[in-house]
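Chain residues, written in single-letter form:
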Amino acid sequence: MNPSLSSSSRAMEVIRADRALTVVRAPTIPDPVALAGALAGAGLRAVELTFTTLGVLEAISEAGAVTDAVIGVGTVTTGEQAEAAIAVGAEFLVTPALRPEVAEVAAAHTIPVIMGAFTPSEVLAAAEMGAAAVKIFPARALGPQYFKDLLGPFPHMLLIPSGGVNSHNARDFLRAGAIAVTAGTEVVAPLDVETARWSHIGAKAAHFVHSLD
């Protein structure tokens, strides 16, 4: 299935409009509403919490109160995790690798899944599973040129780099054909989350957004 056919949801519309999403990897999130508000207010409206965070399902539910934000969940590896996240309001799913059972749950609920892949074969397999976009991870391994190479045989593929993307190279990935980039610990450092430095996170998010232009 061509991923462009699955991209009409609010989540994908926001990700494509902002050209970015944020992944939050922190042991705990003391105030999910404040975190999502700081990010969305700075222009990073799509916020990916992850199953590596303690109490992530509660955090998803709470963060959903931020109307400007689109809350998703990442590091989804099982159908059970996908069902649980959707039940508390997750608007998109992100996997670290090819996960057919996650794709099946996403399709059943008409929730977009951004599926992790690396090789051309994996990219094609993710698209055939119905991925709304394909996350190339780790993007730092081969850099922006790899996106140009992939788009040769797959010109309509919706690609998002993750891992090693920062304010210095994000624009290069977009110019190479990525539809959006993933802001990680440069924007949302785990220590900043744990110590509730929301204004600091917001400032770093704004800097990242500015770097895309």
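Here the structure is a predicted model, which is why all the values come from computation and not from measurement. (Residues numbered from 1 in each chain as written. Predicted model: local features only at pLDDT ≥ 70, side-chain atom pairs only at ≥ 80, totals over all residues. Heavy atoms only, no water.)

Enquirer: Just checking my understanding: could you explain the pairing of strand β5 (residues 113-117) for this structure?
Expert: Two faces make up the sheet, and in a regular strand the side chains alternate between them. In terms of burial, β5 is a largely internal element, five of the five residues being buried. Of the two faces of β5, the one lined by Val113, Met115 and Ala117 and the one lined by Ile114 and Gly116 are each fully buried. Note: strand β4 (residues 93-94) against β5, two bridges, orientation parallel. Bridging across to β5, Leu93 finds its partner in Val113. What joins β4 to β5 is helix α5 (residues 100-108), and the crossover it makes is right-handed. Where β5 and strand β6 (residues 133-136) come together, four bridges link them in parallel fashion. By the bridge assignment for β6, Gly116 is matched with Lys135. Handedness of the β5-helix α6 (residues 120-128)-β6 crossover: right-handed. (Buried < 20%, exposed > 50% of the residue type's maximum accessible area, 1.4 Å probe, protein only. Helix = DSSP H or I, 4+ residues; strand = E, 2+ residues; numbered from the N terminus. Pairing = 2+ DSSP bridges. Right-handed = clockwise from strand over helix to strand, strands pointing away.)

Enquirer: Explain unusual backbone geometry to me, please; I cannot follow it from the model alone.
Expert: For residues that are not glycine, phi is negative in most cases, and the peptide bond is trans in most cases. The residue after Phe137, namely Pro138, is reached through a cis peptide bond having omega -5°. The backbone of Arg19 sits at a positive phi, close to 65°, despite the residue not being glycine. If you trace the backbone, Arg19 turns up in the loop between α1 (10-18) and β1 (20-23). Residues other than glycine seldom take positive phi values, yet Ala196 does so here, at roughly 60°. What makes Ala196 partly exposed here is its relative accessible area of 37%.

Enquirer: So what exactly am I meant to see when it comes to the pattern of salt bridges here?
Expert: If charged atoms from side chains of opposite charge come close, those side chains can pair. Evaluated as defined, the whole model comprises six salt bridges. Residues Arg10 and Glu91 are paired through a salt bridge, measuring 3.0 Å at the closest nitrogen-oxygen approach. Taken together, the positions of Arg10 in helix α1 and Glu91 in the loop between α4 (79-87) and β4 put the pair 81 residues apart, joining distant regions of the chain. Assessed through its relative accessible area of 38%, Arg10 is described here as partly exposed. The class for Glu91 is partly exposed, based on a relative accessible area of 25%. One salt bridge in this structure joins Lys204 and Asp192, with 2.7 Å as the shortest N-O distance. A residue pair is termed long-range when its members are at least 10 positions apart, and Lys204 in helix α10 (residues 198-211) and Asp192 in helix α9 (residues 190-194) qualify at twelve residues. By the burial criterion, Lys204 is buried, and Asp192 matches it. (Salt bridge = Lys/Arg side-chain N within 4 Å of Asp/Glu carboxyl O.)

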